[in-house]
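Each chain, written out:
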Amino acid sequence: QVQLVESGGGLVQAGGSLRLSCAASGFTFSDYAMNWYRQAPGKERELVASISSVGGDTSYADAVKGRFAISRDNAKNTVYLQMNSLNLKDTAMYYCKTNVGSGSWGRGTQVTVSS
């Protein structure tokens, strides 16, 4: 059974940093691209960052380019999202997602940025 477990969220001040982790199991992690999404209250869920199966290619939403970095460690079945220079607009629930089948999701980790 596919399982994704996010961690690392919390409350940070604007300008601060957080590193999110997503531990994966139940599938061949190294065969799949991984994604981070986020959803703020009252807004649509949006794709934040993606990384290819071996980590060679990454992509980012315009809102986070230059501030966030996605990476993965296939030996640990874990994908990360380093978030720097956080601002209030980054406040959201962050979700880890695989591209396997119709898509598998974690339950999310909350990131709250305060002023």
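The model shown is predicted, which means the values in this text are computed figures rather than measured ones.

The next point concerns the pattern of salt bridges. With the rule as written, the count across this model stands at four salt bridges. For Arg38, the salt bridge identified is with Glu46, shortest N-O distance 2.7 Å. One salt bridge in this structure joins Asp90 and Arg38, with 2.8 Å as the shortest N-O distance. Residue Asp90 is located in the loop between β8 (78–83) and β9 (92–98), and its partner Arg38 is located in strand β4 (residues 34–39); the two are separated by 52 residues in the primary sequence. Just as Asp90 is buried, Arg38 falls in that class too. Ionic contacts of the salt-bridge type, sharing partners, join the residues Arg38, Glu46, Arg67 and Asp90 into one network.

It is worth spelling out the pairing of strand β7 (residues 68–73) at this point. For a regular strand, side-chain orientation follows a simple rule: the groups alternate between the two sheet faces. Residues Phe68, Ile70 and Arg72 point to one face of β7 and are all buried, whereas Ala69, Ser71 and Asp73, pointing to the other face, are not buried. As paired strands, β7 and β8 are joined by six bridges and run antiparallel to one another. By the bridge assignment, Ile70 is partnered in β8 with Leu81. Connecting β7 to the antiparallel partner β8 that follows it, the hairpin turn spans four residues, and Asn77 within it adopts a positive phi of roughly 50 degrees.

It is worth spelling out the packing of aromatic side chains at this point. If you walk through the whole model with that rule in mind, you get four aromatic pairs. A centroid spacing of 5.7 Å and a plane angle of 75 degrees characterise the contact between Phe27 and Tyr32, whose relative ring orientation is edge-to-face. On the accessibility criterion, Phe27 (14% relative accessible area) is buried. Tyr32 sits in the partly exposed class, given a relative accessible area of 27%. Seen in terms of ring centroids, Tyr37 and Trp105 are 4.8 Å apart; in terms of plane orientation they differ by 55 degrees. Their pairing is tilted. Of this pair, Tyr37 sits in strand β4 while Trp105 sits in strand β10 (residues 104–105), placing them 68 residues apart in sequence. Judged by its relative accessible area of 35%, Trp105 is partly exposed. Members of the aromatic cluster, connected to one another through ring pairs, are Phe27, Phe29 and Tyr32. The residue whose ring lies beneath Arg19 is Tyr80, and the NZ or CZ to ring-centre distance is 3.9 Å. For Arg72, the ring lying beneath its charged end belongs to Phe29, and the centroid distance is 4.3 Å.

What counts, and at which threshold
Residues numbered from 1 in each chain as written. Predicted model: local features only at pLDDT ≥ 70, side-chain atom pairs only at ≥ 80, totals over all residues. Heavy atoms only, no water. Salt bridge = Lys/Arg side-chain N within 4 Å of Asp/Glu carboxyl O. Helix = DSSP H or I, 4+ residues; strand = E, 2+ residues; numbered from the N terminus. Buried < 20%, exposed > 50% of the residue type's maximum accessible area, 1.4 Å probe, protein only. Pairing = 2+ DSSP bridges. Phe/Tyr/Trp six-rings, centres within 6.5 Å; stacked < 30°, edge-to-face > 60°. Lys NZ or Arg CZ within 6 Å of the ring centre and 35° of its normal.

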